[in-house]
Amino acid sequence: MNIEWNNAGAVAGEAGNVLCILVSEDRLADSSLLNSSLAAEWKADIDSINRAGLFSGKLNQIYILPVTGQSRYPIVILAGSGKGDPGTGEIRVLAAHICRAAVRLKTELLDIELPEQLLLREGAAQAFTEGLVLGSYRRKHYKQEQAVYVKPDKITLHPERLVDPALQQVWLQGIKRGSALADGTNLARDLTNLPGNILTPSGLAAAAVEVAERHGLPVEVLDEREIEQRGMGGLLAVGKGSVHPPRMIVIRYQGAGEWTDVTGIIGKGITFDTGGISLKRAPGMEDMISDMGGAAAVLGVMEALGRLRPQINVVMVIPAAENMPSAAAFKPGDIVTALSGKTIEVLNTDAEGRMVLGDGLTYAREWGAERFIDVATLTGAILSILGDVATGAVTNDEQLMQELLAASERSGEPVWQLPAYPEFREMLRSEVADIRNAAGRFGGASTAGLFIGEFAEGLPWVHLDIAGTAFLSKERGVNSKGASGVMVRTLLEYLLSLSRDQPPGPSAKN
Ligand code: BES
Ligand code: ZN
Ligand code: MN
């Protein structure tokens, strides 16, 4: 889907396109304010549907106006933009609703008229673009009968009035950045939605190679032999119960001259989590196709970095495995040696994510990472705390945490910090090994995070638990049902803020 910009004032479009006009409650209340807009052409219709109570301009309200008579446009989508000045979060969601309406109408070419108020809003260009691209997403299906799904090929944004070159530059930049962030998110959604039989660890590696090659980024994939030879005992243990062997996947993005000041982003890549010998119960187990949502997120980030080329250095690491019960599987009571040399006592094979991520952090460090952010569908406990609304975060570095929280305000993806009490770390003590992989139910989301933090070896680290937010049971905001691609945009807002040449993204005000 292409988002284009057409600075030709209010003269929009080619004949036959669908037109979308944003109408605020304020403009409806005083319809003379519609005169500067294309909406002036349908003012009488808009007034009467308003009087009939069918459309009031309320935020996210959509009304389809079939156009009779001589207009160039067969259909006009009226989109309510609410009262006053909408925030970037509201703009993003509104754009998603507009795009969904266009999809329902099987629109191929969509023209959107941008009102003055939106044109001048800081961060609106990026947020509006993100919403359009995110709202166009649909999960692939495998039905023999292909339902016709038409999403716009091209969406053209037409400012209501001619804008000056400086503002035009702001919009062109915002469109570019918003498209990259949302396309990265949609890539993550596609991968996360793939079933476990179709996306195995080697399939995930193939997807990573594809991203890397598209952007000319160096990529490395270690197979099970190399994983064993290098002593990646955590990843090896988790992966060995499956006929689909594990992979360690690395992509580097070098945009800042020398390979220093490297950020490591590590994503949990469990392509299916049965729980292993500590088998999960059956209901809902199908959702465990999303247990590589963290891996998908960091891959989505690399896709966007490859397009935007900021001046930063990033190493992406994905430990990928399938967690299966079998004669070859790891077992409760096993003691394994991680890549760092730490020994781990296995108490529960369903606490597999932290074991593969420990090796992921250590390997990112070997590749030069000086700070780490891991993203993982790590615990059921986070669902009890934050539901499917916010991503949980654990850290050993308050400053890095504050930077991520600020990035999450800009992306509109809520992140909530969890405590990292020393008492929680104590709960991971083992009598026979350096650490144990499970500490019981209490504080489960914090203890799980702190297990991973042990492998940061004192370097700044933030853990993002997306077990609640990666895979949704129904559509909400910019997200459709299923995979959300959550944290792609938050990570990018953070990473892009480290680059000298990137203009800041949407403001934090929502
Ligand atoms: N992948 C699961 C966590 C999960 C649960 C993700 C629900 C998405 C939705 C993880 O590997 C897991 O099984 N965690 C266990 C840890 C426990 C055994 C210490 C859990 O949360 O129950
Ligand atoms: Zn898991
Ligand atoms: Mn598990």
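**What about unusual backbone geometry?**
- Despite not being glycine, Lys106 shows a phi value in the positive range, around 55°.
- Secondary-structure assignment places Lys106 in the loop between helix 3 (88-104) and strand 5 (109-114).
- A residue is classified by how much of its surface remains accessible, and Lys106, at 42% relative accessible area, is partly exposed.
- Phi angles above zero are rare outside glycine, and Asp261 is one such case at about 50°.
- Within the fold, Asp261 resides in the loop between strand 8 (247-254) and strand 9 (262-267).
- On the basis of relative accessible area, Asp261 is assigned to the partly exposed category, the value being 43%.

**Quick look at the sheet that holds strand 12 (residues 335-337)**
- Read across the open sheet, the 3 strands follow the order 12-13-17; overall the sheet is mixed. At either end of the open sheet lies a strand with only one pairing partner, and these are strand 12 and strand 17 (435-436).
- Relative to strand 17, strand 13 (residues 343-345) runs parallel, the two being bridged by 2 bridges. Within strand 17, the position partnered with Glu345 by the bridge is Arg436.

**Here we look at the coordination of the zinc ion (ligand 2)**
- Around the zinc ion (ligand 2), the donor atoms from the protein are Lys268 (NZ), Asp273 (OD), Asp291 (OD) and Glu352 (OE), and they sit 2.0 to 2.4 Å away.
- With 6 donor atoms in place around the zinc ion (ligand 2) and angles of 78 to 173° between them, the coordination shape is octahedral.
- Positions of the donor residues of the zinc ion (ligand 2), expressed as sequence spacing, correspond to K-x4-D-x17-D-x60-E.
- Separating the zinc ion (ligand 2) from the manganese ion (ligand 3) is a gap of 3.1 Å, bridged by Asp273, which donates to each.

**Examining the coordination of the manganese ion (ligand 3)**
- The protein atoms that coordinate the manganese ion (ligand 3) are Asp273 (OD), Asp350 (O), Asp350 (OD) and Glu352 (OE), at distances of 2.0 to 2.2 Å.
- One can describe the donor arrangement at the manganese ion (ligand 3) as irregular, given that its 6 donor atoms subtend angles of 71 to 170° at the metal.
- Sequence positions of the donors to the manganese ion (ligand 3) reduce to the motif D-x76-D-x1-E.
- Here Asp273 falls in the buried class, since its relative accessible area comes to 3%.

**Here we look at the packing of aromatic side chains**
- Going through the model one piece at a time under the given rule, you end up with 5 aromatic pairs.
- Relative to Trp171, the ring of Trp5 lies with its centre 5.5 Å away and its plane at 20°, an arrangement referred to as stacked. Of this pair, Trp5 sits in strand 1 (residues 2-5) while Trp171 sits in helix 6 (residues 165-193), and the two are 166 residues apart along the sequence. Across the pair, Trp171 and Trp5 agree in class, each one buried.
- When the centroid spacing of 5.5 Å and the interplanar angle of 45° are considered together, the rings of Tyr421 and Phe424 count as tilted.
- With relative accessibility at 47%, the residue Tyr421 sits in the partly exposed group.

**A short note on the site of ligand 1**
- Among the 15 residues in the neighbourhood of ligand 1, the closest are listed as Lys280, Asp291, Asp350, Glu352 and Gly380.
- Between ligand 1 and the protein, one listed contact pairs an oxygen atom with a side-chain N or O atom of Asp273 at 2.9 Å.
- Within the contact set of ligand 1, an oxygen atom lies 2.8 Å away from a side-chain nitrogen or oxygen of Lys280.
- When the free accessible area of ligand 1 is taken as 520 Å², the share hidden by the protein chains comes to 78%.
- Across the shell around ligand 1, the residue classes break down as 4 nonpolar, 4 polar and 7 charged.

**A word on the domain arrangement of the protein chain**
- In terms of domains, the protein chain is made up of domain 1 (2-160) and domain 2 (185-497).
- Of note, the centres of domain 1 and domain 2, computed from C-alpha atoms alone, are 38 Å apart.
- Taken residue by residue, the interface counts 13 residues in domain 1 and 19 residues in domain 2.
- Roughly 1,400 Å² of surface becomes buried between domain 1 and domain 2 when both sides are summed, with 48% attributable to carbon and sulfur atoms.
- Inspection of the domain 1/domain 2 interface yields 3 salt bridges.
- Taking the shortest distance from any N to any O, the salt bridge between Arg100 and Glu475 comes out at 3.3 Å.
- Connecting domain 1 to domain 2 are 12 residue pairs in polar contact (both at pLDDT 80 or more).

**Looking at the pattern of salt bridges**
- In this structure the tally under the stated criterion is 26 salt bridges.
- Across the salt bridge formed by Arg225 and Asp223, the nearest N and O atoms sit 3.8 Å from each other.
- Where Asp261 meets Arg371, a salt bridge forms, and the shortest distance between an N and an O atom there is 2.4 Å. A residue pair is termed long-range when its members are at least 10 positions apart, and Asp261 in the loop between strand 8 and strand 9 and Arg371 in strand 14 (residues 369-376) qualify at 110 residues.
- Arg371 sits in the buried class, given a relative accessible area of 15%.
- Beyond isolated ion pairs, a larger network of salt bridges with shared partners links Arg92, Glu130, Glu413 and Arg489.

**Description of the packing of helix 5 (residues 124-135) against helix 6**
- Orientation of helix 5 relative to helix 6, taken along the N-to-C sense of each, is 35°, at an axis distance of 7 Å. The crossing of helix 5 and helix 6 is right-handed.
- In terms of residue class, the contact of helix 5 with helix 6 is made up of 9 nonpolar, 7 polar and 4 charged.

**Quick notes on the sheet that holds strand 4 (residues 75-80)**
- Ordered by their spatial adjacency, 6 strands build an open sheet running 1-6-5-2-4-3, and the pairing between neighbours is mixed. Two strands bound the open sheet, and with one partner strand each, they are strand 1 and strand 3 (62-66). In this sheet, neighbouring strand axes are inclined to one another by 25° on average, regardless of whether the strands run parallel or antiparallel.
- As paired elements, strand 3 and strand 4 share 5 bridges and run antiparallel to each other. The partner of Leu65 across the bridge, within strand 4, is Val76.

**Section: the state of the cysteines**
- If you walk through the whole model with that rule in mind, you get 0 disulfides.
- The structure places no disulfide on Cys20, whose sulfur is separated from the nearest cysteine sulfur, that of Cys99, by 10 Å.
- A relative accessible area of 0% places Cys20 in the buried class.
- Residue Cys99 is classed as buried on the basis of its relative accessible area, which comes to 0%.

Criteria and thresholds
- Residues numbered from 1 in each chain as written.
- Chains lettered and ligands numbered in written order.
- Predicted model: local features only at pLDDT ≥ 70, side-chain atom pairs only at ≥ 80, totals over all residues.
- Heavy atoms only, no water.
- Helix = DSSP H or I, 4+ residues; strand = E, 2+ residues; numbered from the N terminus.
- Buried < 20%, exposed > 50% of the residue type's maximum accessible area, 1.4 Å probe, protein only.
- Pairing = 2+ DSSP bridges.
- Donors = N, O, S within 2.8 Å, 3.2 Å for Na, K, Ca; no water.
- Tetrahedral: all angles 85-135°; square planar, octahedral: opposite > 155°, others 65-115°.
- Phe/Tyr/Trp six-rings, centres within 6.5 Å; stacked < 30°, edge-to-face > 60°.
- Near = heavy atom within 4 Å.
- Polar contact = N/O pair within 3.5 Å; in protein donor to acceptor, adjacent residues only side chain to side chain.
- Areas by Shrake-Rupley, 256 points an atom, 1.4 Å probe, with all protein chains shown as cover.
- Nonpolar A, V, L, I, M, F, W, Y, C, P; charged D, E, K, R; others polar.
- Domains from an automatic or database assignment.
- Contact = heavy atoms within 4.5 Å.
- Buried area = accessible area lost by both parts, 1.4 Å probe.
- Salt bridge = Lys/Arg side-chain N within 4 Å of Asp/Glu carboxyl O.
- Axes fitted to C-alpha atoms, helices over the stretch in contact; angles between N-to-C directions.
- Left-handed = near helix turned anticlockwise from the far one by under 90°.
- Disulfide = S-S within 2.5 Å.

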